[in-house]
Amino acid sequence: MSHKRIPKRKAAIAVGGVVALGAAAILLPSANASQDGAPDDAAAAPRTLKAGDASDLATRLAGTLGDAYAGAWYDGEDKRLVVNVVRGEGDMALKVRSAGAEVREVDNSMAELQAGAGTLKSEATIPGTSWAVDPRTNKILVTADSTVTGDKWDRLESTVESLGSGMATLKKSEGTFRTFVSGGDAIFAGGARCSLGFNVTAGDGSPAFLTAGHCAAAGDAWSDQQGGEPIATVDQALFPGDGDFALVRYDDPATEAPSEVNVGGQTVPIVQAAEATVGQQVFRMGSTTGLADGQVLGLDATVNYPEGTVTGLIQTDVCAEPGDSGGSLFTQDGLAIGLTSGGSGDCTVGGETFFQPVTTALEAVGATLGDGGGAAAGDQADGQDAGAEQDGAGGDQGVQEQSDMGSDRHSGLTRTH
């Protein structure tokens, strides 16, 4: 099968030069590696960490601190992990410093924040609302889109107020929360268009890919050309509920499905999956808007779409538009983070966007990704190093704008006959 590419705007992986792509920053390997070999006398000072290594450290500290742990976030500017410790837990704060992270004492424990999220779920599950714990403010970030007005707004506002002072922040979004189906060109079914997320290997060893679960509602058979012959069939899908993901198997078992993201004629190798970290810089690729970047704002987010409630998502400020659904969220080091679910706004005015964690999707469907398979949190450092080595093989790599990126793009897969 041939793949015609007629991009209105292209992006290429360039050696040496650094050129920004619209809102998207450059894909460069981190300048500072983790300092696992730091001497003991430097243990009290926050270490310089890659985002993936920071996520690994946060996971370990969460287990060590127990009830004293109140979330963590990554300071991308200083490249350090900031860990929230409940005020008065001096011994636990010392453990955080000894591990190489920065300590911040806070008032709200993770248990209290999760209880507040439970109250929102029982009292204010209103279409057009979302909430997620924001460790940077030590509060629950509650968002309402433009459809939440009148009695619905009053109900939401009173529920937030009932949580008590200092527990939650309520904000309005100008857009409308929706899933981003239709308007792309990567994969097609039943008149709908979505984006391929990541190629994976199914549990039986056959080639497959991940995309958004709500895309599967359009049909079981998917093509890589509008009106073209199907190339893949939906195997498993979940939406709404505890996620938004689908496993789609290639019909031809000889399909070559490389572990990479096409950013416009060139590719970013994807080495394995990893958990997201609040504050982490991430890149999104979608068939409608191409490449965009931003930060992770919250984890374990709940979104109340018109079609139903979805839990366990990643909240970001990365823009997206219809047709970007299912597209890949990844890091500059080649770690797979998420699949585009939905949100509000667009790539002109911005907005809130939500992503299905790749690690959760892989575990649910029994698939593996990249050279190292589906990574657990403790495996992320290895994947991070592998990604840096691949980036370094060809020199420093950046994303260089050529012309009119975004509209007509394919996933980079090839097939043999």
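Calculation rules
- Residues numbered from 1 in each chain as written.
- Predicted model: local features only at pLDDT ≥ 70, side-chain atom pairs only at ≥ 80, totals over all residues.
- Heavy atoms only, no water.
- Pairing = 2+ DSSP bridges.
- Helix = DSSP H or I, 4+ residues; strand = E, 2+ residues; numbered from the N terminus.
- Buried < 20%, exposed > 50% of the residue type's maximum accessible area, 1.4 Å probe, protein only.
- Axes fitted to C-alpha atoms, helices over the stretch in contact; angles between N-to-C directions.
- Parallel < 35°, antiparallel > 145°, perpendicular 65-115°, else oblique.
- Left-handed = near helix turned anticlockwise from the far one by under 90°.
- Contact = heavy atoms within 4.5 Å.
- Nonpolar A, V, L, I, M, F, W, Y, C, P; charged D, E, K, R; others polar.
- 1 Å grid on protein atoms, 1.4 Å probe; cavity = no way out; pocket = protein on both sides within 12 Å on 5 of 7 lines; lining within 4 Å.
- Points joined across faces, edges and corners; volume = space filled by probe spheres on them.
- Disulfide = S-S within 2.5 Å.
- Patch = residues over 30% accessible without salt bridge, like charges linked within 9 Å, V, L, I, M, F, W, Y side chains within 5 Å.
- Areas by Shrake-Rupley, 256 points an atom, 1.4 Å probe, with all protein chains shown as cover.
- Salt bridge = Lys/Arg side-chain N within 4 Å of Asp/Glu carboxyl O.
- Lys, Arg positive; Asp, Glu negative; His and termini not counted.
- Charge placed at Lys NZ, Arg CZ, Asp CG, Glu CD.
- Polar contact = N/O pair within 3.5 Å; in protein donor to acceptor, adjacent residues only side chain to side chain.

Engineer: I'd like a description of the sheet that holds strand β15 (residues 245-250), backed by residues and values.
Structural biologist: Taken in spatial order, the 5 strands of this open sheet run β11-β12-β15-β14-β13, and their pairing is antiparallel. With one partner strand each, in any of the chains shown, β11 (198-201) and β13 (221-222) form the two edges of the open sheet. Pairing of strand β12 (residues 207-211) with β15 involves 4 bridges; the strand directions are antiparallel. When the sheet's bridge partners are listed, Ala208 is paired in β15 with Arg249.

Engineer: So what's going on with the pairing of strand β19 (residues 281-286)? Residues and values would help.
Structural biologist: When you tally the buried positions in β19, you get 5 out of 6 residues, the bulk of the element. Sheet analysis places β19 next to strand β20 (residues 290-305), joined by 6 bridges and oriented antiparallel. Bridge pairing in β20 places Met285 opposite Leu291. Hairpin geometry of β19 and β20 is characterised by an intervening segment of 3 residues between the two adjacent antiparallel strands. Bridge count between β19 and strand β22 (residues 328-330): 3 bridges; the pairing is antiparallel.

Engineer: Can you tell me about the packing of helix α3 (residues 110-123) against helix α4 (residues 150-162), naming the residues and giving the values?
Structural biologist: Interaxial distance between α3 and α4 falls to 10 Å at its minimum, and their mutual angle equals 155°. When the axis of α3 is compared with that of α4, the two are roughly antiparallel. The way α3 lies across α4 gives a crossing that is right-handed. Residues Thr119, Leu120 and Glu123 of α3 form the contact with α4, whose own contacting residues are Arg155, Leu156, Thr159 and Val160. Grouping the constituent residues of the contact of α3 with α4 by class yields 3 nonpolar, 2 polar and 2 charged.

Engineer: Go over the layout of surface pockets with me, naming the residues and quoting the values.
Structural biologist: When its volume is computed, the largest pocket comes out at roughly 800 Å³. Secondary structure elements with two or more residues in the lining of the largest pocket: α1 (51-65), β2 (69-75), α3, β5 (129-134), β20, β21 (308-316) and α5 (358-365). The biggest single contributor to the lining of the largest pocket is α3, with 5 residues. Among the residues forming the lining of the largest pocket, the class breakdown is 16 nonpolar, 11 polar and 3 charged.

Engineer: Please set out the state of the cysteines residue by residue, giving values where relevant.
Structural biologist: Here the structure, examined in full by the defined rule, presents 2 disulfides. One disulfide bridge connects Cys194 with Cys215, the sulfur atoms lying 2.0 Å from each other. Sign of the S-S torsion, about -100° for the bond between Cys194 and Cys215, identifies this disulfide as left-handed. Highlighted residues: Cys194 in strand β10 (residues 192-194) and Cys215 in the loop between β12 and β13, separated in sequence by 21 residues. Assigned by exposure class, Cys194 and Cys215 land together as buried. A sulfur-sulfur distance of 2.0 Å marks the disulfide that ties Cys319 to Cys347. On the S-S bond that ties Cys319 to Cys347, the torsion sits near 90°, and the link is right-handed. Of this pair, Cys319 sits in the loop between β21 and β22 while Cys347 sits in the loop between β23 (335-343) and β24 (353-357), and the two are 28 residues apart along the sequence. Looking at Cys319, the relative accessible area reads 14%, which means it is buried. You can call Cys347 partly exposed: its relative accessible area is 31%.

Engineer: How would you explain a negative patch on the surface if you had to name every residue and give the values?
Structural biologist: Residues Asp151, Asp154, Glu157 and Glu161 make up a contiguous surface patch of negative charge. Position of Glu161 among the secondary structure elements: in helix α4.

Engineer: How would you sum up the side chain of Thr277? Please name residues and give values.
Structural biologist: As for its placement among the helices and strands, Thr277 is situated in the loop between β18 (272-273) and β19. Among all residues touching Thr277, those that are not within four sequence positions of it are Ala51, Ser55, Trp73, Tyr74 and Val296.

Engineer: Got a sec to walk through the side chain of Asn304? Specific residues and values, please.
Structural biologist: Position of Asn304 relative to the elements: it lies in strand β20. Residue class for Asn304 comes out buried when judged on its relative accessible area of 2%. Within polar-contact distance, the side chain of Asn304 engages the side chain of Thr129 at 2.7 Å. Here Asn304 is in contact with Ala124, Thr125, Ile126, Pro127, Gly128, Thr129, Trp131 and Thr309, once residues within four sequence places are set aside.

Engineer: How would you summarise the sheet that holds strand β4 (residues 102-106) if you had to cite specific residues and measurements?
Structural biologist: Taking strand neighbours across the sheet as the criterion, the 3 strands line up as β2-β3-β4 in an open arrangement whose pairing is mixed. Edge positions in the sheet fall to β2 and β4, since each of these pairs with one other strand and no more. Taking the axes of each pair of neighbouring strands and ignoring which way they run, one obtains an average angle of 25° across the sheet. Both β2 and strand β3 (residues 80-86) contribute to a ladder of 5 bridges, which runs antiparallel. Each residue of the ladder has a partner; that of Ala72, found in β3, is Val83.

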